[in-house]
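Residue strings, one per chain:
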Amino acid sequence: MFLDEPLNASPSTLQYTLGTRTQYQYLYGPYFLIAPIYQETKADDKGNDIRNNIYLPAGTWIDFMTGEAYEGGRVINSFDAPLWKLPVFVKQGAIIPENNPNNNPTQIDRKTRIYEVYPSVEQTSFTEYADDGTTDAYLSGAYAITEIEQRVEKGRAHIVVHPAVGEYQGMEKQKTTIFKVNLTKQPKRVTVLINGKKVSPAETPVCEATELNRFATPGSPLASLSVKKNPVLTVKVPVTSIYNKVELLVDGYEYATPNTLLTHTGALAAPSIVPAKEEEAKPYTLSPAWQSVDNADYYEVEFEGMTYSTIRDTQFLFEGLRPESDYAFKVRAVNQDGVSDWTPFSLRTAANPLEFALHGLTGECTAAAQAGFGLDRLFDFAEKGDIWHTDYQNHEAVPFDLTIDLHCTATLDRLHYIPRENAGNGTVLHGHACVSADQKNWTDVGEFTWARDAKVKEIAFAPQTEVRYIKLSVDQAVGGFGSGTEIYVFKKPGTKVLIPGDINQDGKVDDNDLTSYLNYTGLRQGDSDFEGYVSKGDINGNGLIDAYDISVVATQLEDARPLAVAVQPSGELMIKADKQTYQAGDDVLLTVSGRVLADVNALQLILPYAEADMQFVSIEPKAVSGMANMTNDRLHRNGSKVLYPTFVNVGEKPALNGDDELFVIHMKANRRFTLKPFAVQGMLVSRSLNTLQL
């Protein structure tokens, strides 16, 4: 909605539409506003409900189903939404081009043009565009536009169809024009003009209410329902050239529907606020309440510069708020005679109970999930509407292991398991938990025994370091299945988490981390710079900053999408020297080739060499030219000299496949020596981060 708000709207209006408060409504063209029913608010046993939080921009908006008018520039609420009714509003001043009812474009009556109009005192216009609908001749100017205008002045609705401009092959130039004018009572006089000359309508104008319920299944409960909007005046103009000016004058025009929301009169007292109970406070919502006011038809609440109107209840829910924040409100009563004084008050949201819950968790289970009830539902922070459940057909789910990947290392505080709402099949009852940093070495946390009820279950963790994985080994669950609504894992307050690849520890994985890895490629445990934050970048825990660690970062950059399936790289690397014996000052060329490579997204070689014999000069990419060159020449703390040729795809780029010359290493001989064959050491990495050690 914020894209449709005029730039001169008030700051509070722009702020309101800029956020998420209008996410469940939209404008369909310039004149129709649609507000679908997206949640249950006050539904009865037949599915009839109300719709709150419908923002109407400035102007007058008409309920398309009933014809009742609403003033905009506010949020309307308690809007009746029976099962058959979608809230649809049309703006006064709307000019709506229409066609005859049809199932496909071949059934359109191209000799008739129809304009439905909701006249207003504010002049509005609409530009109708037409072309042949089948070719791209419009790119060369083969199209026509027609300007339609309307305005109500001194009780006369004046609608003008200006002469068309342009043409295209096959265009119908002689057309009948039909006006459908929305009003609320029979007009005094109807006049049709063509090029300023009065003509008689092609048919006697008809003014009648339209029955909208024309397609209900005969014999169904809805078949007897009558849904009539305001009357519509239909005027048919004789056939004329579309290059003529056609006008319709409706004298005695009126659009005035009774306001069914305002039925009471009398004095109104300012509402008295019902004090909020501390135990009812929520972190993201507030529900201010007030005492009923005699003679009131509805209430209005002012909040953050916006008026929430037509509230028929004495309580209203505000969502999408910030935890532990103070909010100011004003409330007043409304009836036919006017409004009461405002009653100001303030409320405060509660602390966020999930403030320290870790996001982005995934899981694997040794028991298969039922289709549509996958493990992702356990970690989506949605406690309503979905659950995880093991395969209905598999009654041997228990015992099973559920392994949770935190996708970070963290000091854990506790785990919460929320059973399905009725604590039914699959509710976990007994098992034990353990944790790990690498999925290789596990530390036992202890046994858990939980009652069969819907209350939150908890596992408390003793202080741990660098925990990434949690394994729940379940041996008892209701019905032998596994199920749950949500699992939350909380870190200890005040502690930091380390995201794999976030070597800079700024809370995100980005290009800066890749730059750091470029500086640290080949750094080993024991080197002076390794311990500390660099060691945090050793994701696979092998004591070396290698191609795997770098790939964890590189595969998350440039908007790369996660790989849906695990891919195992394969193949081998070969090193060939240009000769065997070198003299001092000679160039030493080492060509590295790949053989039967498959799905290689990154590679690394480990080449120890004697610095007395030669020194590293450069590396010349061949087939790896599209990959990031992360090569480093290292002098380790133990005195060994090692070259780490390393190439990694950043983002989503083609993997290496087949046989090819990959790169050439350029060295310089320091003395005469005979080169001994290199033992190939290193690794290949796929985009799914599977590795092959060489």
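Residues numbered from 1 in each chain as written. Predicted model: local features only at pLDDT ≥ 70, side-chain atom pairs only at ≥ 80, totals over all residues. Heavy atoms only, no water.

1. Quick word on the pattern of salt bridges
Any two side chains of opposite charge can pair, so long as their charged atoms come close to each other. Counting across every chain of the model gives 29 salt bridges. Residue Glu-300 pairs with Arg-332 through a salt bridge whose shortest N-O separation is 2.9 Å. Of this pair, Glu-300 sits in strand E24 (residues 298-303) while Arg-332 sits in strand E26 (residues 326-335), placing them 32 residues apart in sequence. Between Asp-326 and Arg-348 there is a salt bridge, with its nearest N and O atoms 3.1 Å apart. Here Asp-326 is found in strand E26, whereas its partner Arg-348 is found in strand E28 (residues 343-348), with 22 residues between them in sequence. Among the residues examined, Asp-326 registers a relative accessible area of 58% and is labelled exposed. For Arg-348, a relative accessible area of 45% translates into the label partly exposed. When salt bridges with common partners are traced through the structure, they connect Asp-413, Arg-414, Glu-458 and Lys-492 into a single cluster. (Salt bridge = Lys/Arg side-chain N within 4 Å of Asp/Glu carboxyl O. Helix = DSSP H or I, 4+ residues; strand = E, 2+ residues; numbered from the N terminus. Buried < 20%, exposed > 50% of the residue type's maximum accessible area, 1.4 Å probe, protein only.)

2. Things to note about empty space enclosed by the protein
With the rule as written, the count across this model stands at two cavities of 30 Å³ or more. The calculated volume of the largest cavity comes to roughly 60 Å³. Around the largest cavity, the lining residues are Leu-378, Trp-388, Phe-400, Leu-402, Tyr-417, Val-428, Phe-448, Trp-450, Leu-472, Val-474 and Ile-487. Taken together, the residues of the lining of the largest cavity sort by class into eleven nonpolar, no polar and no charged. Put simply, the second largest cavity is a space of about 40 Å³. Residue lining of the second largest cavity: Tyr-38, Gln-39, Thr-41, Ile-50, Arg-51, Asn-52 and Asn-53, and that is the complete set. (1 Å grid on protein atoms, 1.4 Å probe; cavity = no way out; pocket = protein on both sides within 12 Å on 5 of 7 lines; lining within 4 Å. Points joined across faces, edges and corners; volume = space filled by probe spheres on them. Nonpolar A, V, L, I, M, F, W, Y, C, P; charged D, E, K, R; others polar.)

3. Quick look at unusual backbone geometry
A cis geometry characterises the amide bond from Val-398 onward to Pro-399, with omega recorded as 0°. Inspection of the secondary structure assignment puts Pro-399 in the loop between strand E30 (388-389) and strand E31 (400-410). Positive phi values are uncommon outside glycine, yet Ser-78 reaches one of about 55°. Looking at the element boundaries, Ser-78 is found in the loop between strand E7 (74-76) and strand E8 (79-81). Its relative accessible area of 5% is what places Ser-78 among the buried residues. Notably, Asn-195 is not glycine yet its phi reads approximately 55°, a positive angle. Mapped onto the secondary structure, Asn-195 falls in the loop between strand E17 (189-194) and strand E18 (197-199).

4. Topic: the sheet that holds strand E6 (residues 69-71)
Strand pairing in a sheet relies on backbone hydrogen bonds, with the paired strands running either antiparallel or parallel. In space, the five strands of this open sheet follow the order E1-E2-E9-E5-E6, with antiparallel pairing throughout. Either end of the sheet is taken by a strand with one partner, and the two such strands are strand E1 (26-28) and E6. Here the average twist between neighbouring strands, direction ignored, is 35°. Here E1 runs beside strand E2 (residues 32-34); their pairing, made up of three bridges, is antiparallel. (Pairing = 2+ DSSP bridges. Axes fitted to C-alpha atoms, helices over the stretch in contact; angles between N-to-C directions.)

5. Topic: the nonpolar core
One recurring pattern in soluble globular proteins: nonpolar side chains tend to sit buried together. Counting 32 residues, the largest nonpolar core has Ile-404, Leu-406, Leu-412, Leu-415, Ile-470, Ile-487 and Val-489 as its most contacted members. At the level of secondary structure, the elements contributing two or more residues to this core comprise E31, strand E32 (412-418), strand E33 (428-436), strand E36 (467-477) and strand E38 (486-491). When residues in this core are grouped by element, the largest group, six residues, is from E31. Setting aside anything within four residues of it in sequence, one finds Val-489 in contact with Phe-356, Ala-357, Leu-358, Leu-361, Leu-406, Leu-412, Arg-414, Leu-415 and Ile-470. Among the nonpolar cores identified, the runner-up in size contains 30 residues, and Val-117, Tyr-118, Val-237 and Leu-248 belong to it. (Core = buried A, V, L, I, M, F, W, Y, C linked by side-chain atoms within 4.5 Å. Contact = heavy atoms within 4.5 Å.)

6. A closer look at helix H1 (residues 11-18)
Listed in full, the buried residues belonging to H1 are Thr-13, Tyr-16 and Thr-17. Burial along H1 is one-sided: seen end-on, the buried residues are contained in an arc of 90°. Opposite the packed face of H1, turned more than 90 degrees from it, sit the exposed residues Pro-11, Gln-15 and Leu-18. Close packing links the buried residues of H1 with strand E4 (54-56), E7 and strand E25 (306-311). (Arc of directions from axis to C-beta.)

7. A word on the environment of Val-199
With respect to the element layout, Val-199 can be found in strand E18. Overall, Val-199 belongs to the partly exposed group, its relative accessible area being 26%. Sequence separation between Val-199 and Met-574 is 375 residues; the distance between their C-alpha atoms is 93 Å. Apart from residues no more than four positions distant in its own chain, Val-199 is found in contact with Val-192, Ile-194 and Pro-238.

8. Quick notes on the pairing of E26
With seven of its ten residues buried, E26 lies for the most part within the structure. Direction of pairing for E24 relative to E26: antiparallel, over a ladder of six bridges. Looking across to E26, one finds that Glu-302 is bridged to Lys-330. Across six bridges, the pairing between E26 and E28 is antiparallel. Bridged to Lys-330 within E28 is Pro-344.

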